[in-house]
Amino acid sequence: MQTERRVLSVERDVPADVISISYHIDSRITRQYYALDMATDILSDGVSSRLIQALTKQNPIMSEVDAGVSGSVDCGLLTFTGTLLPGVQLSDAEAAIHQVVDQLIANRPTDYEMQKVKNRIEAGHTITTMLPQIKARELAFYEMLCNAKYFDIEVDLYDTISGSEISQTLQNVMTETNESVIYYKTKH
């Protein structure tokens, strides 16, 4: 278990600076995972998402920004990544990501954001059920996780997650002692 903030800074022959901020999370079949999965959709899925609007459109300091969760039977990660525009400091990019997430924690997702994410989850599940090869793969994945029947109830589980649960879960996970940051710098 991680007990302190970790920071790694490396220089490589790459075209732009990149920041990655990660936090340890629970396994794929927990409420925490579902809440964070929905949070990352609100934060970075589509041009109207919070991180993309704030950091690539309104105050462009990054050419791209993303948030996502990973996990399966084992515990996973909540990760934020951003490719910086020239002249932007990595510390400023880190602070900007935190500011957008802190606003989501303080003000919870809007009803519109919640419904948009839940609609996307339901649509994705519906499409998956109509494609036999993909459905078979998903059923096998869920059997590996816990039980193939989980595939059929997952949309309902997402539907039980509230905006306040998303905010509280982000706050609980995004602690300094659970944070790992990589500053990936261009060589000069």
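Keep in mind the model is a prediction, meaning the values are calculated, not measured.

1. As for helix α1 (residues 31-44)
Turn by turn, an α-helix covers 3.6 residues, leaving residues three or four places apart pointing in a common direction. Helix length check: α1 (14 residues) gives 20 Å between terminal C-alpha atoms against 20 Å at 1.5 Å per residue, within 8%. When you tally the buried positions in α1, you get 13 out of 14 residues, the bulk of the element. The first or second residue beyond α1 is G46, which carries a positive phi of 100 degrees.

2. Considering the pattern of salt bridges
Applying the stated criterion across every chain yields a total of eight salt bridges. Ionic pairing is found between E165 and R31, a salt bridge with its closest N-O pair at 2.6 Å. Here E165 is found in helix α7 (residues 163-173), whereas its partner R31 is found in helix α1, with 134 residues between them in sequence. The salt bridge involving E113 is made with R50; its shortest N-O contact spans 2.8 Å. Of the two residues, E113 sits in helix α4 (residues 111-130) while R50 sits in helix α2 (residues 50-58), which places them 63 residues apart along the sequence. Each member of the pair E113 and R50 is classed as buried.

3. Points about the sheet that holds strand β1 (residues 6-12)
The strand order across the open sheet formed by five strands is β1-β5-β2-β4-β3, and the pairing between neighbours is mixed. Looking at the sheet topology across the chains shown, the edges are occupied by β1 and β3 (62-70). With direction set aside, neighbouring strand axes in the sheet form an average angle of 10 degrees. Pairing of β3 with strand β4 (residues 76-84) involves eight bridges; the strand directions are antiparallel. Among the inter-strand pairings, A67 is bridged to a residue of β4, identified as F80.

4. Describing a nonpolar patch on the surface
Together, I127, M130, L131 and I134 make up an exposed nonpolar region whose accessible area comes to about 360 Å². Position of L131 relative to the elements: it lies in the loop between α4 and α5 (132-145). On the basis of relative accessibility, which here comes to 39%, the residue L131 falls in the partly exposed class.

5. Quick notes on unusual backbone geometry
Of note, the phi angle at R108 is positive, near 45 degrees, even though the residue is not glycine. Tracing the backbone shows R108 in the loop between α3 (90-107) and α4. The partly exposed category is assigned to R108, whose relative accessible area is 36%.

6. Description of the packing of α1 against α4
Contact geometry of α1 with α4 gives a least axis separation of 10 Å together with a crossing angle of 110 degrees. Put simply, α1 runs roughly perpendicular to α4. Classified by chirality, the crossing of α4 by α1 is right-handed. Between α1 and α4, the residues in contact are M38, D41 and I42 and E113, M114, V117, K118, R120 and I121, respectively.

So, how was this worked out
- Residues numbered from 1 in each chain as written.
- Predicted model: local features only at pLDDT ≥ 70, side-chain atom pairs only at ≥ 80, totals over all residues.
- Heavy atoms only, no water.
- Helix = DSSP H or I, 4+ residues; strand = E, 2+ residues; numbered from the N terminus.
- Expected span 1.5 Å × (residues − 1).
- Buried < 20%, exposed > 50% of the residue type's maximum accessible area, 1.4 Å probe, protein only.
- Salt bridge = Lys/Arg side-chain N within 4 Å of Asp/Glu carboxyl O.
- Pairing = 2+ DSSP bridges.
- Axes fitted to C-alpha atoms, helices over the stretch in contact; angles between N-to-C directions.
- Patch = residues over 30% accessible without salt bridge, like charges linked within 9 Å, V, L, I, M, F, W, Y side chains within 5 Å.
- Areas by Shrake-Rupley, 256 points an atom, 1.4 Å probe, with all protein chains shown as cover.
- Parallel < 35°, antiparallel > 145°, perpendicular 65-115°, else oblique.
- Left-handed = near helix turned anticlockwise from the far one by under 90°.
- Contact = heavy atoms within 4.5 Å.

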